[in-house]
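# Summary of structural features
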Amino acid sequence: MWPIAKITFLEGFRSQVLYGIFLFALFVMVMSIVFSNFFMQDIGKVAVDFNLSAISFAGLLICLSVSINLISKDLDKKTIHFVLSKPISRTSYVFGKFFGISLIVLFAYLILTVLSGLVLMYLKYDSAQYFGMFSWAAYLQAIYFDLLKISLLNGIIILFSTVTTSSFLTMLLSISIYVVGQTISAVVGFIQLQTTDTGFATCTQKIIDVVKYLVPNFSAFDFKVISAHGMLVTPGEFFSFTAYGLCYLLLVLLAAAGIFSRKEFL
Amino acid sequence: MSTIVEIENLKKTIKKPGLRGSQVKVLKGISLKVETGSITAIIGLNGAGKSTTIKTLLGFIRPTSGRVELDATACIGYLPENPYYYDYLTLRELLWFSAKSFVISGCEFRRKAEQVAERVGMTAHLDQRLRSFSKGMTQRAGIAAAIIHDPGLVIFDEPMSGLDPLGRKMVFDLIKDLQSCGSTVLFCSHILSDVERLCDRVVILHEGRVAKVLSHQDLLLAHKATEILLHHRPKVVDLLQRYKLDYKVDGALISCFAEANRFDETLKVLSAEGVDIVTIRASAATLENIFYAIVDKKGE
C-alpha cells in the first residue's frame, strides 16, 4: 500500500493544478484583508469566515481536479495494468490511492493553514479591537472538520471512480453527492417545519428520508460560523462528528475496494 | 521441461460499450503452454486476441470459460502495450515503485536501478520526469521497470513498438539475455523477422483462435520447404484445406508450401485430384509467409 500512496502523493503534489489552487486561495486570503474592512465591528468574524472559506474551497478544488485526475487517469491511460501487474492487491490499490490523496490534502491544508494564519495574525495586529472573540483553537477546529469532510469526499470520488469509466461522470456524481450532502439537513429541517396542509407528498418525504441516510451530511462538518464566534464544540460532539466521518469513510472505501476487486481492466 | 503458463480452452466474450452494446467473442477457445525457460511469441493481426490473452493471464480480466494457470512461484515482470506512466515521477521513482512492490531493499534498489537503466540505455535520464520522455524512451523505461526485480516470467506486450532500430536491437538482445539468465519470456509482436529469429515457439492467433503453433524446428523446416504454384480455383482451396497444407493466395495463383517430408505426398494428392501445377520452386518460406498464408485469405 505504501508504494502506491507514495507515488500518488508525488504525482499529485507536483501537479501544476495544485499550485494554481494555492495561488487562488492565497489571493482570496489576501483579499480578506481588504474586504473585512468593509464590515465595521465584524472585521474579525468576516476575516475568519473568509479565510476558512478560502481553505474549504481550495480543498474542494483539490478534490475535483487533482484527486479525480489521479484515479481516473490510471484507468483511462491504462496505467492500472502496470500497477496491478505488481504483487499489489486491488484493495491495497484503493486504500493506497486514498492515503496518497489524503497526504496531498493534508499537506495542502497545512500550507493553507499557515498562509491564512499569517493573514489573520496581520489583521489581528492591525485591528486587535475587533478580534476579541477570536480563538486559534476554534479556528483549527473548523479546519480539522473541513479536512475530515474533504477526506470523506475523496472517499466518495474513489468509489465513483471504481464504478464509472469516465472522469467527467465521476466529477458529476461527486459534485451531486456533495451538493445533496451540504443541503440535505436544511431540506429535512424545512420539511419538518411544514404543516400537513402545505406539506410535501408522502413519497417525496420518503425519498428524502432514504437520501438522508445514504448521503453523508457534509454540512455537519461545517464549523465556520461557530469558529468565527470563537466557540468550541464539546469533546462529546468532537468525537461523535469525527467517528461519524471516519465510519462513513471506511464504509465508502470498503465498498470501493469491493467493486474494484470485481472490475475488469480491458 | 516444466510448464510455467498453461491456458486451456480460454474463451472471453466482451460487451461492446453502450447500453445496448452487443457481445463480441474475443477469445474463442485458446489453448497454449509456455515452457519454463523458453521464449514464446504470440503473433496475430490487430484484434486477434493477443493482448486479451495476456490480460486474462495477468488477471486483469476474467475468462468467460476455460482455465488459466500460472506457476504460483513465478515472479512476473510485465510491459503493457503503449505504456503510460505517471507524468510527474522520475524514472528513478518509477523504478523505485516497481522494486518496492517486490520488496527490494533500498541498497539493492540503488544498484539495480543503475544496472537496468544502463541495460536499456537510460542512465542519463534516471532523474528526468517521465512526462518529458519520447515514446521510445517511455518504452525503455517500461522495460526497465518490468525487469528490475529479476522476474522468472517476463511478459512483454509489443516490446519493440515505438523503438528506433538501436532500441529494437536492445530489446532483441535483452530477451536473449533474459533467457540465458533463466527467465521465461512471453511476448506479442508484429515484427515477424525478430520473432522468427528469437523464439523457441510461435503461437499464431487468428480471430480469437490458435491458428498454428510453430516450434523453432518447424520454422527451420519451413525454410527447407518447396513452393508449388497452382491456379487459383475454389476446388484447389478446398483441397489444400482438406489436406491441411499451408498456402497463400496471390491473385490468380496460389502458393502451396510443402515441407520436404510431405513433398511427394503433396504432389500425389494434387495429381490425383487433377490440379494443374504452374511451377515448382525452392521456397524461401519465412514466418511471414506462413503468417500471411494463415491470416490473408481474402482472395478465396
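From a predicted model like this one, the values you see are computed outputs, not experimental measurements.

### Comments concerning the overall build of chain B
The helix and strand tally for chain B stands at 10 helices and 13 strands. Along the first, second and third principal axes, the C-alpha set of chain B runs to 75 × 45 × 40 Å. Evaluated residue by residue, chain B yields a buried proportion of 51% over its 300 residues. For chain B, long-range pairs separated by at least 24 residues make up 70% of all intrachain contacts whose partners lie at least 6 apart in sequence. On chain B, the mean spot of the 40 positive side-chain charges and the mean spot of the 35 negative ones are 6 Å from each other.

### Brief notes about unusual backbone geometry
Residue and element names in this part refer to chain B. Its identity as a non-glycine residue notwithstanding, N9 has a phi of 45°, on the positive side. Tracing the backbone shows N9 in strand 1 (residues 3-15). The backbone phi angle of E207 is positive, close to 50°, even though this residue is not glycine. Examined against the element boundaries, E207 turns out to sit in the loop between strand 8 (201-206) and strand 9 (209-215).

### Digging into the packing of aromatic side chains
Going through the model one piece at a time under the given rule, you end up with 24 aromatic pairs over all chains. Between A:F9 and A:F107 the ring centres are 5.2 Å apart and the planes differ by 50°, which places this aromatic pair in the tilted class. One end of the pair, A:F9, is in helix 1 (residues 2-13); the other, A:F107, is in helix 5 (residues 90-126), with 98 residues separating them in the sequence. Where A:F260 meets A:F265, the ring centres are 5.2 Å apart and the plane angle is 55°; that geometry is what we call tilted. Of the two residues examined, A:F260 and A:F265, each falls in the buried class. Ring pairs connect the aromatic residues A:Y144, A:F145, A:F223, A:F238, A:F239 and A:F241, which therefore count as one cluster. The ring of B:W96 carries A:K6 above its face, with NZ or CZ at 4.0 Å from the centroid.

### Description of a nonpolar patch on the surface
Side chains of A:V34, A:F35, A:F38 and A:F39 sit close together on the surface and give an oily, nonpolar patch of about 390 Å² of accessible area. One can find A:F35 in helix 2 (residues 16-36).

### A few points about the environment of B:G152
All names here are of chain B. Along the chain, G152 turns up in the loop between helix 4 (135-147) and strand 6 (153-157). A residue is classified by how much of its surface remains accessible, and G152, at 28% relative accessible area, is partly exposed. Along the sequence, G152 and V236 sit 84 residues apart, while their C-alpha atoms lie 47 Å from each other. Apart from the residues within four sequence positions on either side, G152 is in contact with I4, C75, S183 and T184.

### Here we look at the environment of B:V213
Residue and element names in this part refer to chain B. Note on placement: V213 falls in strand 9. When its relative accessible area of 32% is taken as the criterion, V213 is described as partly exposed. Taking the C-alpha atoms as reference points, V213 and V203, separated by 10 residues in sequence, lie 4.5 Å from one another. Excluding residues that lie within four positions of it along the chain, V213 makes contacts with R201, V202, V203 and D218.

### Notes on the domain arrangement of chain B
Each domain of chain B was delimited in the assignment, giving domain 1 (1-74 + 152-168 + 179-224 + 285-299), domain 2 (86-149) and domain 3 (225-284). Once you take the C-alpha centre of each, domain 1 of chain B and domain 3 of chain B turn out to be 28 Å apart.

### A look at the sheet that holds strand 10 (residues 226-231) of chain B
Residue and element names in this part refer to chain B. Read from one edge of the open sheet, four strands run 11-12-10-13, paired in antiparallel fashion. Edge positions in the open sheet fall to strand 11 (246-250) and strand 13 (277-282), since each of these has one partner strand only. Across the sheet, the mean angle from the axis of one strand to that of its neighbour is 20°, orientation sign disregarded. Sheet topology places strand 10 next to strand 13; five bridges connect them, and they run antiparallel. From the neighbouring strand, L229 faces strand 13, where its bridge partner is T279. Lying over the sheet, helix 8 (residues 234-242) contacts strand 10, strand 11 and strand 12 (253-258), oriented at roughly 20° with respect to strand 12. Those strands touched by helix 9 (residues 263-272) are strand 10, strand 12 and strand 13, and its axis lies near 10° from that of strand 10.

### What about the nonpolar core?
If you look at the biggest cluster of nonpolar residues, it comprises 156 residues, and the most contacted ones within it are B:L95, B:F156 and B:F187. Tallying contributions element by element places helix 3 (residues 43-76) of chain A first for this core, with 16 residues. Dropping the residues within four chain positions of it, B:F187 is found in contact with B:I39, B:T40, B:A41, B:I42, B:F156, B:P159, B:I175, B:V195, B:L198 and B:C199. Counting 16 residues, the second-largest nonpolar core is a separate cluster that includes B:Y247, B:C256, B:F263 and B:V269.

### Regarding the side chain of A:D146
Residues and elements named next belong to chain A. By secondary structure assignment, the location of D146 is in helix 6 (residues 136-163). A relative accessible area of 6% means that D146 is categorised as buried. Setting aside its immediate chain neighbours within four residues, D146 contacts I55, S56, Y109 and F221.

### What about helix 10 (residues 235-262) of chain A?
Residue and element names in this part refer to chain A. Helix length check: helix 10 (28 residues) gives 41 Å between terminal C-alpha atoms against 40 Å at 1.5 Å per residue, within 8%. If you check which residues of helix 10 are buried, you get T242, G245, Y248, L249, V252, L253, A256, A257 and F260. Lining the buried residues of helix 10 we find helix 3, helix 4 (79-84), helix 5, helix 6 and helix 8 (202-214).

### Structural notes on the packing of helix 3 of chain A against helix 6 of chain A
Residues and elements named next belong to chain A. It is the contact of helix 3 with helix 6, at a shortest axis distance of 10 Å, that shows an interaxial angle of 20°. For the element pair helix 3 / helix 6, the angle class is roughly parallel. Note that helix 3 runs across helix 6; the crossing there is right-handed. Of the residues contributing to the contact of helix 3 with helix 6, the split by class is 15 nonpolar, seven polar and two charged.

### Description of the pattern of salt bridges
Inspection of every chain in the model, using the stated rule, returns 21 salt bridges over all chains. The residue A:D222 makes a salt bridge to A:K224 at a minimum N-O spacing of 3.4 Å. Given the relative accessible area of 16%, A:K224 is considered buried. Each of B:E6, B:E8, B:K33, B:R67 and B:E69 takes part in one network of salt bridges that share partners.

### Focus on the interface of chain A and chain B
Opposite the 30 residues of chain A that make contact, chain B presents 28 residues. Buried area between chain A and chain B, both sides added, is near 2800 Å², and the carbon and sulfur share of it is 63%. Here chain A is connected to chain B by three salt bridges. B:K12 serves as the salt-bridge partner of A:E264, at 2.9 Å between the closest nitrogen and oxygen. At the level of secondary structure, the elements contributing two or more residues to the side of chain A that touches chain B comprise helix 1, helix 3, helix 4, helix 5 and helix 10 of chain A. Looking at which element gives the most residues to the side of chain A that touches chain B, the answer is helix 1 of chain A, with seven residues. Partitioning the side of chain A that touches chain B into residue classes produces 12 nonpolar, six polar and 12 charged.

About the cut-offs
Residues numbered from 1 in each chain as written. Chains lettered and ligands numbered in written order. Predicted model: local features only at pLDDT ≥ 70, side-chain atom pairs only at ≥ 80, totals over all residues. Heavy atoms only, no water. Helix = DSSP H or I, 4+ residues; strand = E, 2+ residues; numbered from the N terminus. Buried < 20%, exposed > 50% of the residue type's maximum accessible area, 1.4 Å probe, protein only. Contact = heavy atoms within 4.5 Å. Lys, Arg positive; Asp, Glu negative; His and termini not counted. Charge placed at Lys NZ, Arg CZ, Asp CG, Glu CD. Phe/Tyr/Trp six-rings, centres within 6.5 Å; stacked < 30°, edge-to-face > 60°. Lys NZ or Arg CZ within 6 Å of the ring centre and 35° of its normal. Patch = residues over 30% accessible without salt bridge, like charges linked within 9 Å, V, L, I, M, F, W, Y side chains within 5 Å. Areas by Shrake-Rupley, 256 points an atom, 1.4 Å probe, with all protein chains shown as cover. Salt bridge = Lys/Arg side-chain N within 4 Å of Asp/Glu carboxyl O. Domains from an automatic or database assignment. Pairing = 2+ DSSP bridges. Axes fitted to C-alpha atoms, helices over the stretch in contact; angles between N-to-C directions. Core = buried A, V, L, I, M, F, W, Y, C linked by side-chain atoms within 4.5 Å. Expected span 1.5 Å × (residues − 1). Parallel < 35°, antiparallel > 145°, perpendicular 65-115°, else oblique. Left-handed = near helix turned anticlockwise from the far one by under 90°. Nonpolar A, V, L, I, M, F, W, Y, C, P; charged D, E, K, R; others polar. Buried area = accessible area lost by both parts, 1.4 Å probe.

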